[in-house]
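Structural overview for review
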Amino acid sequence: MKEKIGIVDTLEERKPYITRKQEKGQEIPLACDNNSLAGAISQRACVYSGARVVLNPVTDAVHLVHGPIGCAGYTWDIRGAKSSGIETNRTSFSTDMKELDVVFGGEKKLSSAIDELVGLYHPPVVFVYSTCIVGIIGDDLESVCKTASQKHNIPVIPVKSEGFKGNKSDGYKAACDALKRLIKRPSEEDIKKKGPRVPETIKPKINILGDFNVAGDVWLVKPLFEQMGIEVIVSLTGDSTTKAISRAAEADLNLVQCSGSMTYLAKWMQAEYGIPYLNASFFGIEDISLALRRTADYFGSEKMKERAEQILEAEINRIMPEISRVRERVKGKKAAIYMGGPAKALTLIKGFDELGMEVVIIGTQTGKKEDYEQISYSVRDGTVIVDDANPLELAELLIRQKADLMVAGVKERFIAYKLGIAFCDFNHDRVVEFEGFDGFVNFAREVDASISSPVWKAVRQRELIPEAMESEKKSGRIKKVAVEERISRENCAKECKGMLLKPEFLHQKSEAAVESQV
């Protein structure tokens with residue numbers, strides 16, 4: 001096989017998408033923000049998935065998928081966005097298109113499905129998602145939804161999310177375009193009043209954009225702002241309702257957490273309604289502190305600033321004993337980060353620094369040039385930065401960079417597990433909050449529990465063969481990763497009480513033959 005120069009052995013066209021941290025002031029030589037390479041098995045999701053990620057947490061909406069039943073598999077259950085009230089969004093609906101619908105069109109079936117769902121659930125809004133096949137056969141969603149909206153006197157909104165027409169970022173935009181239709185326009189007089197207010201006389205109002213209340217995150221964030229005397233009108237879209245979304249234009253300020261999905265909407269609200277926005281993160285001590293202080297600074301109230309400092313002092317003093325305890329256990333460990341968007345990746349770098357850990361790999365699915373430049377400035381020398389990675393690249397990077405932990409989403413979980421590397425789900429499948437002060441304690445404990453689990457002593461660990469690494473250094477060429485399997489023989493039974501493992505379980509020849517090809 002032809003040898004290739006690069007950080008890992010990969011397709012020639014993929015090499016520009018993997019690089020190392022650059023010195024300050026140097027332009028990062030990383031290709032990004034392009035369509036995935038055909039055949040590279042990208043970890044990215046499709047347009048439709050991006051739209052569902054953003055809209056599905058709207059709790060009182062009917063989310064109707066117009067397409068084959070397989071597309072409806074993306075349900076609440078794989079994104080546990082919690083609700084404090086109605087939970088219509090937990091039920092999935094599909095028009096279940098068949099061959100005849102594809103041949104003769106599915107508009108009548110869609111119209112009937114909307115009528116039936118409105119009759120059963122009486123929702124304040126229906127979102128109708130288009131899928132690949134609908135885009136191919138050309139069903140007129142706009143027309144069907146307009147007729148249904150007039151018939152039932154509620155918004156029936158088409159979400160133009162045909163999976164093939166772009167990537168996940170295009171799905172975010174499709175979702176934001178749908179949300180625009182729900183936001184009521186305030187009077188021109190109210191729009192002119194936008195700007196820093198005097199909180200002593202008028203209670204300031206904000207929206208939180210890009211928090212999806214996974215595991216109840218936003219419930220740990222809202223109270224912090226409320227204690228500062230600020231009303232949070234709506235979180236888009238976690239734990240949101242149609243009524244709350246319609247009031248979003250009343251806000252004085254938007255705080256954007258997931259910049260990849262919500263900056264588009266924030267810019268539109270700034271242009272349409274004069275509402276400025278700030279980027280913010282509610283994860284980790286440094287970023288939460290920054291979010292509260294920047295919000296207080298924006299409103300210019302000394303009283304609010306003083307209250308923010310009181311909250312920060314009390315909360316940090318409360319959680320630091322536990323954070324310090326965990327830090328002593330995990331400091332010096334190496335972490336790999338692979339996120340959908342760059343905002344999460346950036347805030348995780350600070351979080352790991354607060355735990356004394358080093359980031360050795362960082363990547364995203366949808367990062368742009370400026371995002372990767374910021375990432376490059378934030379990580380240490382030698383850190384590998386990767387855009388739109390595929391599973392084989394991630395697996396080889398985890399071995400080469402000797403990562404102790406991978407933080408990513410459900411698709412990457414099994415890459416880490418198969419390599420005997422600890423894993424922490426930061427995306428959709430987790431069941432504990434990671435935001436706010438208590439959320440950061442939860443995160444620290446989960447990182448510790450995963451890294452310190454005795455199970456890693458009982459499974460195969462893989463390392464680069466030292467001779468192979470030395471050969472690569474001398475030649476400057478990267479060969480297909482050479483690995484050896486290392487199985488801990490140190491008293492597994494002692495570490496794993498009650499888990500008596502048979503030697504043949506650890507040495508199945510058939511498995512070893514397959515896995516050595518990694």
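Shown above is the structure to which this text applies.
A few points on the structure. (Residues numbered from 1 in each chain as written. Predicted model: local features only at pLDDT ≥ 70, side-chain atom pairs only at ≥ 80, totals over all residues. Heavy atoms only, no water.)

1. Structural notes on the overall build of the protein
Here is the rule we go by: Strands are runs of DSSP state E lasting at least 2 residues, helices are runs of H or I lasting at least 4, and numbering of each runs from the N terminus. Relative accessibility thresholds used throughout: buried, under 20% of the residue-type maximum; exposed, over 50%; partly exposed, between the two (1.4 Å probe, protein chains only). Should any heavy atoms of two residues lie within 4.5 Å, those residues are counted as being in contact. Method for areas: the Shrake-Rupley scheme with a 1.4 Å probe, in which residue coverage is limited to the protein chains shown.
Regarding its fold elements, the protein presents 21 helices and 16 strands. Residue burial in the protein is summarised as follows: out of 518 residues, 54% are buried. A separation threshold of at least 6 residues defines the contact pool for the protein, and within that pool the share at least 24 residues apart is 72%. A total of about 23400 Å² of accessible surface is found on the protein, and carbon and sulfur atoms cover 52% of it.

2. Some details on the sheet that holds strand E4 (residues 126-130)
Spelled out, the test is: DSSP-based pairing: two strands are paired if at least 2 bridges between them are found.
What the 4 strands build is an open sheet, ordered E3-E2-E4-E5; its pairing is parallel. A single partner strand is all that each edge strand has here, and the edge strands are strand E3 (93-94) and strand E5 (156-159). As judged from the 2 bridges shared by strand E2 (residues 62-66) and E3, these two strands associate in the parallel manner. Its bridge partner being in E3, Leu-64 is matched across the sheet by Phe-93.

3. Focus on the packing of helix H12 (residues 302-330) against helix H17 (residues 436-451)
This is how the line gets drawn: What counts as an axis is a line fitted to C-alpha atoms, over the stretch in contact for a helix, and the angles between N-to-C directions run from 0 to 180 degrees. For classification, angles of less than 35 degrees are called roughly parallel, those exceeding 145 degrees roughly antiparallel, those between 65 and 115 degrees roughly perpendicular, and all remaining angles oblique. Here the nonpolar group is Ala, Val, Leu, Ile, Met, Phe, Trp, Tyr, Cys and Pro; Asp, Glu, Lys and Arg are the charged ones; every other residue, Gly included, is treated as polar.
Viewed as axis vectors pointing N to C, H12 and H17 meet at an angle of 5 degrees, and their least axial separation amounts to 10 Å. With respect to H17, the element H12 is oriented roughly parallel. Facing Leu-312, Glu-315, Ile-316, Arg-318, Ile-319, Glu-322, Ile-323, Arg-325, Val-326, Arg-329 and Val-330 of H12, the residues of H17 in contact are Phe-437, Asp-438, Phe-440, Val-441, Ala-444, Arg-445, Val-447 and Asp-448. Tallied by class, the residues present in the contact of H12 with H17 amount to 11 nonpolar, no polar and 8 charged.

4. Examining the pattern of salt bridges
Heads up, the condition is: Put simply, a salt bridge is a Lys or Arg side-chain nitrogen that is within 4 Å of an Asp or Glu carboxyl oxygen.
All chains considered together, the criterion is met by 29 salt bridges. A salt bridge links Arg-90 to Glu-87; its shortest N-O distance comes to 3.9 Å. Exposure remark for Arg-90: the relative accessible area of 38% places this residue in the partly exposed category. Between Glu-142 and Arg-181 there is a salt bridge, with its nearest N and O atoms 3.0 Å apart. Of this pair, Glu-142 sits in helix H5 (residues 141-152) while Arg-181 is found in the loop between helix H6 (168-180) and helix H7 (188-192), placing the two residues 39 residues apart along the sequence. Classification of Glu-142 by relative accessible area gives partly exposed; the value is 31%.

5. A look at helix H15 (residues 391-400)
Within H15, 8 of the 10 residues are buried, leaving the element largely enclosed by the surrounding structure. Of all the residues in H15, the buried ones are Glu-393, Leu-394, Ala-395, Glu-396, Leu-397, Leu-398, Ile-399 and Arg-400. Following H15 by one or two positions, Lys-402 has its phi on the positive side, about 55 degrees.

6. A look at the pairing of strand E7 (residues 231-237)
To keep things clear, this is the line we draw: Convention used here: a crossover is right-handed provided that the path from the first strand, over the helix, to the second strand proceeds clockwise when the strands point away from the viewer.
Most of E7 is tucked away, with 6 of its 7 residues classed as buried. Relative to E7, strand E6 (residues 205-211) runs parallel, the two sharing 6 bridges. The residue of E7 that forms the bridge with Asn-207 is Val-234. As a crossover connection, the stretch from E6 through helix H8 (residues 222-227) into E7 is right-handed.

7. Digging into the side chain of Asp-217
How we decide: Throughout this description, a polar contact denotes any pair of N or O atoms lying within 3.5 Å of each other; where both atoms belong to protein, one of them has to be capable of donating a hydrogen while the other can accept it, and for residues adjacent in sequence the pair is counted only when both atoms sit in side chains.
Tracing the sequence through the fold places Asp-217 in the loop between E6 and H8. By relative accessible area, which is 2% here, Asp-217 ends up buried. A distance of 2.6 Å separates a polar atom in the side chain of Asp-217 from a polar atom in the side chain of Arg-430. A polar contact is formed between the side chain of Asp-217 and the backbone nitrogen of Phe-434, at a distance of 2.9 Å. Those residues in contact with Asp-217, other than ones at most four positions away along the chain, are Asp-211, Arg-430, Glu-433, Phe-434 and Glu-435.

8. Here we look at the pairing of strand E13 (residues 405-408)
Remember that side chains alternate between the two faces of the sheet whenever the strand is regular. Here E13 shows no split at all, with Leu-405 and Val-407 on one side and Met-406 and Ala-408 on the other all buried. Crossover E13 to strand E14 (residues 422-425) through helix H16 (residues 410-418) is right-handed.

Purely geometric numbers; function is a separate question.
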